[in-house]
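The chain contents come next:
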Amino acid sequence: MFKNKALFLDRDGVVNVDYGYVHKKEDFHFIDGIFSLAAAALREGFLIIIVTNQAGIGRGYYTEAQFHELMDWVKDEFRRRGAAVHAVYFCPCHPTRGIGRYRRESPFRKPAPGMLLQAAADHDIDLEASLMVGDALTDMEAGRAAGVGRLFYLTPERDAPAAPPPPGVVVVRSLAEVEARLHDADESRGDA
Ligand SMILES: [Mg+2]
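About the thresholds
Residues numbered from 1 in each chain as written. Predicted model: local features only at pLDDT ≥ 70, side-chain atom pairs only at ≥ 80, totals over all residues. Helix = DSSP H or I, 4+ residues; strand = E, 2+ residues; numbered from the N terminus. Rg over C-alpha atoms; globule rule 2.2 N^0.38 Å. Buried ≥ 20, exposed ≤ 12 C-beta atoms within 10 Å, placed from the backbone. Contact = placed C-beta atoms within 7 Å. Expected span 1.5 Å × (residues − 1). Pairing = 2+ DSSP bridges. Axes fitted to C-alpha atoms, helices over the stretch in contact; angles between N-to-C directions. Core = buried A, V, L, I, M, F, W, Y, C linked by C-beta atoms within 7 Å. Arc of directions from axis to C-beta. pLDDT = per-residue confidence, 0-100.

### Describing the overall build of the protein chain
Part 1 of the reasoning: In terms of helices and strands, the protein chain carries 6 helices and 6 strands.
Part 2 of the reasoning: When its helices and strands are written in sequence order, the protein chain yields β-α-β-α-α-β-α-β-α-β-β-α.
Part 3 of the reasoning: Rg of the C-alpha trace for the protein chain: 16 Å, near the compact-globule value of 16 Å for 192 residues, within the 12% margin.
Part 4 of the reasoning: Dimensions of the protein chain, computed from the C-alpha atoms along their principal axes, are close to 45 × 45 × 35 Å.
Part 5 of the reasoning: Put simply, the protein chain has 192 residues, and 36% of those count as buried.
Part 6 of the reasoning: The contacts of the protein chain with a sequence gap of at least 6 include a subset with a gap of at least 24, amounting to 62%.

What follows is the structure in structure tokens.
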């Protein structure tokens, strides 16, 4: 059976500079290499899917409507550069800081794999053939738990990881490095 493969991208710290609870266009600064990576992945047949914890919604810093408005603009920016984003998944909940209905444990909040599993079900994705790029170990945990084949941990040079990365996780220093490795199909399989 034909199945899709996806490039899963965390948002804050991968797509845009993470200033904390970014929710305005003027604070949304794209990270170097993100459009090039997405366009290259698209050419290689990957669906581009953003998976992002957005506890700022649950905390009441901004609304779901504001989030969607911002992401519509983000998707336009990708599309204009030949790198259409296929889908965006977000989790607005926070187990202790959420307000009202947002205060709860959610199977969609990373490090839980819910967003990835939902995306796989919605878009017929072969997770083992897919990639995940994140700048937090919780991204790597979510990817691992979902069975994503290759996990890229984006950590700038100045932030040397305090501990060695978990097995099967590839440390990269830039998005260009991920792009250069799109082809290395089997580099991290089997050593996890
Ligand atoms: Mg992040």
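What follows picks up the thread again.
### A few points about helix α3 (residues 64-80)
One full turn of an α-helix is made of 3.6 residues, so residues set three or four places apart face in the same direction.
Part 1 of the reasoning: Here α3 contains 17 residues, and its C-alpha end-to-end distance of 24 Å stays within 8% of the 24 Å for a straight helix at 1.5 Å per residue.
Part 2 of the reasoning: Of the residues trailing α3, Gly 82 is marked for its positive phi of about 70°.

### Some thoughts on the sheet that holds strand β5 (residues 150-154)
Part 1 of the reasoning: Spatially, β3-β2-β1-β4-β5-β6 is the arrangement adopted by the 6 strands of the open sheet, whose pairing is parallel. The open sheet terminates on both sides in strands that have one partner only, identified here as β3 (87-91) and β6 (169-172). Taking each pair of neighbouring strands and ignoring which way they run, the sheet shows an average axis angle of 20°.
Part 2 of the reasoning: One ladder, built from 5 bridges, connects strand β2 (residues 46-53) with β3; its direction is parallel. Along β3, the bridge assignment pairs Val 51 with Tyr 89.

### Quick notes on the nonpolar core
Part 1 of the reasoning: Core analysis: the largest hydrophobic core is formed by 47 residues, its most contacted members being Phe 8, Ile 48 and Leu 116.
Part 2 of the reasoning: With 6 residues, the single largest contributor to this core is β2.
Part 3 of the reasoning: Each residue touching Ile 48, except ones within four places of it in the same chain, is listed here: Leu 7, Leu 9, Ala 38, Ala 41, Leu 42, Ala 83, Ala 84, Val 85 and His 86.

### Regarding the environment of Lys 25
Part 1 of the reasoning: Of note, Lys 25 is situated in the loop between β1 (5-9) and α1 (34-43).
Part 2 of the reasoning: As for Lys 25 and Ala 142, which are separated by 117 residues in sequence, their C-alpha atoms are 27 Å apart.

### Digging into unusual backbone geometry
Part 1 of the reasoning: A cis amide bond, omega 20°, links Lys 110 with the succeeding residue Pro 111.
Part 2 of the reasoning: Structurally, the position occupied by Pro 111 is in the loop between β3 and α4 (114-123).
Part 3 of the reasoning: The phi angle at Tyr 21 is positive, at roughly 55°, despite the residue not being glycine.
Part 4 of the reasoning: On the neighbour-count criterion, Tyr 21 (15 C-beta atoms within 10 Å) is partly exposed.
Part 5 of the reasoning: You will see that Asp 124, though not glycine, has its phi angle at about 50°, which is positive.
Part 6 of the reasoning: Among the secondary structure elements, Asp 124 is positioned in the loop between α4 and β4 (131-134).

### Description of helix α5 (residues 137-146)
Part 1 of the reasoning: By the burial criterion, the buried members of α5 are Asp 139, Met 140, Ala 142, Gly 143 and Ala 146. One face of α5 carries all of its buried residues, which in axial projection span an arc of 160°.
Part 2 of the reasoning: Close packing links the buried residues of α5 with β1, α4, β4, β5 and β6.
Part 3 of the reasoning: Just past α5, the residue Gly 147 takes up positive phi, approximately 90°.

### A short note on the confidence of the model for the protein chain
Part 1 of the reasoning: Across the protein chain, the average pLDDT comes to 93, with 93% of residues at or above 70.
Part 2 of the reasoning: Predicted confidence for residues 188-192 stays below pLDDT 50, and this span has 8 contacts to residues more than four positions away or in other chains.

### Some remarks on the environment of His 29
Part 1 of the reasoning: Its location among the elements puts His 29 in the loop between β1 and α1.
Part 2 of the reasoning: Spatially, the C-alpha atom of His 29 lies 16 Å from that of Ile 50, the residues being 21 residues apart in sequence.
Part 3 of the reasoning: Residues contacting His 29, with those up to four places away along its chain left out, are Asn 16 and Val 17.

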